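A structural walkthrough
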Amino acid sequence: MSQEHEGEQLSGAVSALAAQLVLTDPSDIPSMGRLLNSLERVAETDQAGVLRQVCEASRQIAERLVMGEVGDAAAALEQVAAGTALMQEILDGRFKGLKTKEMRIEAFLSQVGGRPAECQSAPGQEGAGAKSQPPDDNAEAMDLDLYRSFVAEATEGLEQIEVKVLSLEESPDDKELLNAIFRTFHTLKGTSGFLSLEAVNHIAHHTENLLDKMRDSRLRANHQIVDFILDTVDLVKGLIGGILERIEAGKSPEIDVDLEAFSRKLAAVESEPGATPALGEVLVQKGLVSSEDIDAALAQQGSAEQPAKLGEILVHEGKATAKEVTQALREQKQIASEAAARTVRVDTSKLDNLVDMVGELVITQSQVRQNPQLGGALDQKLTRDLSQLSRIISDLQRTAMSLRMVPIRQTFQKMIRLVRDLAKKSDKEVELVMQGDETEIDRNMVDEIYEPLVHMVRNAIDHGLERPEEREAAGKSRCGRVLLRAYHKGGSIIIEISEDGRGLHRERIVAKAIEKGLIDRGDHLDDHEVWNLIFAAGFSTAEKVSEVSGRGVGMDVVRRAVEKLHGKIDIQSTLGQGTIFSMRLPLTMAIIDGMVVKVGPERYIIPTAAVRESLRLERGAYFTVAGRGEMINIRGKLMPLIRLHQLFDVVPRYSDPYTSLIVVVENEGRQKCLMVDELLGKQELVIKSLGEALKSLKGVTGGAILGDGRVGLIMDVGGIFDLTGGGDRLGRPPAMGAEPGDIDLFGLDAGGEPAMA
Amino acid sequence: MGESAKKLRAGAGEKEGKYLGFELAGENYGLEILKVREIIGMMDITPLPQLPSHVKGVINLRGKVIPVVDLRLKFGLEASAYHERTCIIVVETRGSNGPVLMGIVVDTVSEVMSVDPADVEATPELGLRLDADYIMGLAKQREGVKILLDIDRVLNVQELGLGM
């Protein structure tokens, strides 16, 4: 490294320090940590040692500040500032004679140098002596606070690294990305250093060096490095995970780790030559060039005296057009720039309040408009103003709802890691493709869909995709493809997980279902119904299903989770070609698409996702079993009847099933009939919690404010099924005399278009 | 509430202060004004299934859905038809996960009164119809005796028969 270059780096580091200083608040530990980092960075860069003394003195002051050993924090920070200014002056070469410089440094050191001793002995300096001397409770509590903020900051940083490292794999030349990862490890190193977390410090330090090499293009991100960094993240997470508990228990904050193993792995990674670059991957992904072409181009690049850029080689060789390469490069960049989007963090309860209030505004507005007094005084201006008002209010409502929406990207990105790990574990080659990750979904849905998504991705890789050899034998490429896709469709979000694996095996599923007693014979079921069998509880619990059907691990869990969110799940599969699972979910848990029904004086809301159809009974469709169980026969299907008025204890208008309306609802594959007085229509409603006091209420999931400001109860179809009991999971009533073969397993052919009354 | 809190309550400190007075079947009650969020007129209540009769249902309090308890029924007093003076006092009670808003239906709200701890007598064990735990004390006022309610206890989820 040339001297000039070093000087430049040093003044850069000092400027960074000065900039950091402006942002530092002595009471804010993380900002102090960053200041310390900047100081250390200066010390590291300053190999010639011109600034050594000043820098060291400043660092000591800053450390004491962090430990709360300094009485007057503001004055101490001033000293650090003075030291920084001095360093800048030294670097600027403003001192003509060597002597002036020496004197200034002397002056600074004597000014600050005596201070620590002073602090500890001077009785007047409150706080300083008291806090640094024998660690009393106060100091311990403060320490704990220090550790706590460290753990919080580090955890957040590490989580960000995970996502960034994975993008790094796609674009190893993205300097912004590298810098971001570098900074996190750098901060980690600095903070762990002054908290004496040696193992963390050691790991962070060496990882930082590795990253530094990558920044200087001495190393290039590849699979091994990304794996290594991910492992490091896990290692550090493990190290800091229990810190607080250990300190509270009076133990040493750190646990033993095999640092040697870490060093060995690091050495192995550092000696590895750079692998496939991202541009190549992007191009291959787009199907523009083959990976062989890329490899050839890379080989050429590696052997050339003056390495040309990959894109140039590809264009030169005629493997890709310049336009294609530019597009791929643009795609690469886009990923980095999107991260810089501006956001504000807001407490979700504030958002909920806003949504509540806007909802009330809408209701109040419609009540004002319907006021008969207004009808009398029909003034043109008033009418105009009123419609303007309602436009504004509906805009406001839309905006308020959109505040809760976030792109599904975050959730999808978590799958990248999962797919990597699973593929590795199961010795399969998997390529994950994501589409529509900018599709927006309610913030509170994000956590809810995570689990079913994990199940499905795991299922796709574990059971859906074949091993590379099998794939080759079947004439497919070795590398299996998992496509994760999200898009909006009619007020719902559809999330699809498709893979080009072996597909569902109809006969095996049917055989298994018969064996489990779920069905008696399978020949009358269409494919769709057969696929749905894998969602039946108990379908996969008894033995390893992968041997039988290749499918079905925990799929009942998935369906339950999806139904809880008022969503639906669907399967399409072709033997030998793959399977598509698609989840249709509401965009938000705050809004429900509901059918408003009336029973007696009350209105109830049935989630539309659970409604199969509604109809008036034909004569003879109603019958009783053993004088008690009431059944309905709809087109040959027998379903139990639930009298909602009995369940909700209200007086209905009609108590005869032939005069009232019947709504067929489904939950977990079971169908039952609900008896209601009338249907008031379909409506989107904001779901309100009934609060903690009523959370144990069965059969009701919440309330919704109806158009007139009254509360309507939202039914929990699953809960109602439990309350009414009877019938097994498949909707067969107990001791029913009907021919079992007549019972449509899941009654799916009733789905489709519910007849609205 | 633990024993220590009970003892505290026996001391004078907690009974001091402003109380909202209301009537219930001809008796005068008071509850700490600090617990009261607002007083609203009677409104449409949506009944809930499978609950004890004193839980009347839920109302829409400006976009929030909150449960409403009829205090007459809760205390085993005779039910009465709601009239124009019947009102709902919205109170904030302690829940296991922070404050919970609930409405209580009372015959009428009478006044805001100051209670001097010297005038408060401990709850006598008279085999009252009311659980003595619900009562913080009896306050002797010029116009008569007011029953000071410990509303957190009255509206406790278990007491209301809402817990599982």
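Residues numbered from 1 in each chain as written. Chains lettered and ligands numbered in written order. Predicted model: local features only at pLDDT ≥ 70, side-chain atom pairs only at ≥ 80, totals over all residues.

1. Examining the overall build of chain A
Heads up, the condition is: Per the convention used, a helix needs a DSSP run of H or I reaching at least four residues, while a strand needs a run of E reaching at least two, with both numbered from the N terminus. With C-beta atoms placed from the backbone, the exposure class of a residue follows from how many other C-beta atoms lie within 10 Å of its own: 20 or more, buried; 12 or fewer, exposed; in between, partly exposed. Here contacts are defined at the residue level, using C-beta atoms placed from the backbone and a cut-off of 7 Å between them.
Helices and strands together make up the secondary structure of chain A, namely 29 helices and 18 strands. A buried classification covers 36% of the 757 residues belonging to chain A. In chain A, the proportion of contacts linking residues at least 24 apart, taken out of those at least 6 apart, comes to 67%.

2. What about helix H22 (residues 443-464) of chain A?
It helps to recall that an α-helix has 3.6 residues per turn; residues three or four apart then point in one direction. All names here are of chain A. This is how it is decided: The length a helix should cover is 1.5 Å for every residue beyond the first. Consider a residue and the seven residues that end there alongside the seven that start there; fitting an axis to each set, the bend is the angle between those axes.
Given a rise of 1.5 Å per residue, 22 residues ought to cover 32 Å, and the 30 Å separating the end C-alpha atoms of H22 matches this to within 8%. At Ile449, H22 shows its maximal bend, which comes to roughly 35°, and the proline Pro452 appears one to four places after that position. Listed in full, the buried residues belonging to H22 are Met445, Ile449, Pro452, Leu453, Met456, Val457, Asn459, Ala460, Ile461, His463 and Gly464.

3. What to know about the sheet that holds strand S16 (residues 678-688) of chain A
Counted only if it meets this: Two strands qualify as a pair provided DSSP detects at least 2 bridges between them. As a rule, the C-alpha atoms of each element are fitted with a line to give its axis, helices using only the stretch in contact, and angles between N-to-C directions run from 0 to 180 degrees.
Strands sit in the order S8-S9-S18-S17-S16 (chain A) around a closed barrel of five strands; the barrel is mixed. Strand-to-strand twist of the sheet, defined as the mean angle between neighbouring strand axes without regard to direction, takes the value 45°.

4. As for the nonpolar core
Defined as follows: Only buried residues count toward a nonpolar core: Ala, Val, Leu, Ile, Met, Phe, Trp, Tyr and Cys, linked into one set through C-beta atoms within 7 Å.
Counting 87 residues, the largest nonpolar core has A:Ile606 and A:Val663 as the members making the most contacts within it. Counting 42 residues, the second-largest nonpolar core is a separate cluster that includes A:Leu465, A:Ala486, A:Leu504 and A:Ala513.

5. Examining the interface of chain B and chain A
Buried accessible area, meaning the area lost when the parts come together, often serves as the stated size of an interface. Rule in force here: Gly is put with the polar residues, along with every residue not named as nonpolar or charged; the nonpolar set is Ala, Val, Leu, Ile, Met, Phe, Trp, Tyr, Cys and Pro, and the charged set is Asp, Glu, Lys and Arg.
Taken residue by residue, the interface counts 24 residues in chain B and 26 residues in chain A. Where the side of chain B that touches chain A is concerned, the elements lending two or more residues are strand S4 (55-61), strand S5 (64-70) and strand S7 (98-106) of chain B. If one sorts the elements of the side of chain B that touches chain A by residue count, S5(B) sits on top with four residues. Within the side of chain B that touches chain A, the residues separate by chemical class into 14 nonpolar, seven polar and three charged.

6. Observations concerning the environment of A:Val165
All names here are of chain A. Residue placement: Val165 occurs in helix H8 (residues 137-170). Distance from Val165 to Ile229, taken between C-alpha atoms, is 7.4 Å for residues 64 residues apart in sequence. Ignoring sequence-local partners within four residues, the contact set of Val165 consists of Ile181, Val226, Ile229 and Leu230.

7. Notes on helix H18 (residues 348-369) of chain A
Convention followed: Comment: arc refers to directions from the helix axis out to C-beta atoms.
The terminal C-alpha atoms of H18(A), which comprises 22 residues, lie 32 Å apart, in line with the 32 Å expected from a rise of 1.5 Å per residue. All buried positions along H18(A) are accounted for by A:Val355, A:Asp356 and A:Gly359. Each buried residue of H18(A) lies within a common arc of 100° when the element is viewed along its axis, so the set occupies one face. Against the buried residues of H18(A) lie helix H20 (380-402), S16 and strand S17 (700-705) of chain A together with S5 of chain B.

8. What to know about the confidence of the model for chain A
Residues and elements named next belong to chain A. Put simply, the rule reads: Residue-level confidence of the predictor, termed pLDDT, takes values from 0 up to 100.
For chain A, per-residue confidence averages 76 on the pLDDT scale, and residues scoring 70 or more make up 77% of the total. Per-element confidence in chain A is highest for strand S9 (residues 602-607), whose mean pLDDT is 93, and lowest for helix H7 (residues 128-132), whose mean pLDDT is 37. Predicted confidence is poor over residues 114-139, with pLDDT under 50, and the contacts of this stretch with residues over four places away or in other chains come to 22 contacts. Scored below 50 in pLDDT, residues 727-757 shows 61 contacts in the model against residues more than four places distant or in partner chains.

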